[in-house]
Amino acid sequence: MTLLASLAALTLGLCLAMAGAWWVAERSGNHGWVDTVWSYATGAAGVAAALLPLGGEPWAPRQFLVAALVALWSARLGTHILQRTLKGHDDPRYADLRRQWGAAASTRLFLFLQVQALAGLVLVVAVAAAAHNPLPFWRMGDGLGVALFLSAVAGAAIADRQLSRFRADPDNRGRVCDAGLWGLTRHPNYFFEWLGWTAYPAIALSLAYLPGLAALLAPALMYVLLVHASGIPPTEAHMLRSRGEAFRAYQRRVNAFWPGWPGRSANGSRRG
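Computed from a predicted model, the values in this text were never measured in an experiment. (Residues numbered from 1 in each chain as written. Predicted model: local features only at pLDDT ≥ 70, side-chain atom pairs only at ≥ 80, totals over all residues. Heavy atoms only, no water.)

Undergrad: How should the pattern of salt bridges be read in this particular structure?
TA: Where charged atoms from two side chains of opposite charge come close, those side chains can pair. This structure, assessed with the given rule, holds nine salt bridges. The partner of Arg-62 in a salt bridge is Asp-142, and the shortest N-O contact between them spans 2.8 Å. One end of the pair, Arg-62, is in helix H3 (residues 61–85); the other, Asp-142, is in helix H6 (residues 140–168), and 80 residues separate them in sequence. There is no split in this pair, since Arg-62 and Asp-142 are both buried. Among the charged side chains, a salt-bridge network with shared partners connects Asp-35, Asp-91 and Arg-93. (Salt bridge = Lys/Arg side-chain N within 4 Å of Asp/Glu carboxyl O. Helix = DSSP H or I, 4+ residues; strand = E, 2+ residues; numbered from the N terminus. Buried < 20%, exposed > 50% of the residue type's maximum accessible area, 1.4 Å probe, protein only.)

See below:
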């Protein structure tokens, strides 16, 4: 299969997956299915892109390594969101978008999810760029990529556990979690999600492999999405509505995205 045909097939698959996510979300009234399907679909497309036998060459060890990384990312994130979705609570970010869109909400959500499919494709291209690096296997970049990825998975798991423990304590009802990693950044889950995508440039980049530059698209896109689009802005808008002054105080004390010691900056615009 040629590169162009492969990209066309992956694009179609992602668009169909997100069309299915739209249908399930609209039918169930639970838009947590959107991010669940996106995580699994992007992971599946990433594995397929990593293992594509481009040029008729046999599979290389780096392809299996990168496929394993993106599969692990997809399984962890998708299952985490799925568990939350199965509890039946609608995602407040999508609920707020539907309120803003009014009568056109269903149509606009469908188009919005097709844009998400294209965002997934950008990540898949970055994964493919890392997987098909033709240089000898187990360079320093491979080790660095694995270390970055595992650090991101561990950090996200710790942050999730700290948040769950905080919420399980009845004394914390109505309060803002600032325990552990949540005292260093208001969104450790988003930070570690971004960090995981820096693994692919580490594996791909080399002066002898210029297509590896495409791997930079992944952390660049995730930063924009998480910090300026579908991550921090709607999440914090929801938290301000539900926690009010307590969350404003948290904003003044703790960085939005980059980890740092609490209280170092009172200018929230410089914390992202």
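Further notes follow.
Undergrad: Explain the side chain of Asp-96 here, please?
TA: Within the element layout of this structure, Asp-96 appears in helix H4 (residues 92–101). What makes Asp-96 buried here is its relative accessible area of 19%. Engagement of the side chain of Asp-96 in a polar contact is seen with the side chain of Gln-100, the distance being 2.7 Å. (Polar contact = N/O pair within 3.5 Å; in protein donor to acceptor, adjacent residues only side chain to side chain.)

Undergrad: Teacher, can you tell me more about a positive patch on the surface here?
TA: A cluster of basic residues, Arg-84, Lys-87, Arg-167 and Arg-243, forms a positive patch at the surface. The residue Arg-84 is located in helix H3 in this model. Judged by relative accessible area, which is 43%, Arg-84 ranks as partly exposed. (Patch = residues over 30% accessible without salt bridge, like charges linked within 9 Å, V, L, I, M, F, W, Y side chains within 5 Å. Areas by Shrake-Rupley, 256 points an atom, 1.4 Å probe, with all protein chains shown as cover. Lys, Arg positive; Asp, Glu negative; His and termini not counted. Charge placed at Lys NZ, Arg CZ, Asp CG, Glu CD.)

Undergrad: What's the story with the packing of H3 against helix H5 (residues 105–131) in this structure? I'm lost.
TA: Contact geometry of H3 with H5 gives a least axis separation of 8 Å together with a crossing angle of 150 degrees. Overall, the two elements H3 and H5 adopt an arrangement that is roughly antiparallel. Mapping the contact onto sequence places Arg-62, Gln-63, Val-66 and Val-70 in H3 and Val-127, Ala-130 and Ala-131 in H5. Across the contact of H3 with H5, the residue classes tally to five nonpolar, one polar and one charged. (Axes fitted to C-alpha atoms, helices over the stretch in contact; angles between N-to-C directions. Parallel < 35°, antiparallel > 145°, perpendicular 65-115°, else oblique. Contact = heavy atoms within 4.5 Å. Nonpolar A, V, L, I, M, F, W, Y, C, P; charged D, E, K, R; others polar.)

Undergrad: I tried to follow the nonpolar core on my own but got confused; where do I start?
TA: Soluble globular proteins tend to bury their nonpolar side chains together. Counting 66 residues, the largest nonpolar core has Val-66, Trp-197 and Tyr-200 as its most contacted members. At 14 residues, H5 tops the list of elements feeding residues into this core. Once you skip the residues sitting within four places of it in the chain, Tyr-200 turns out to touch Val-66, Leu-69, Val-70, Ala-126, Val-127, Ala-130, Phe-149 and Ala-215. (Core = buried A, V, L, I, M, F, W, Y, C linked by side-chain atoms within 4.5 Å.)

Limitation: the analysis is restricted to geometry and does not speak to function.
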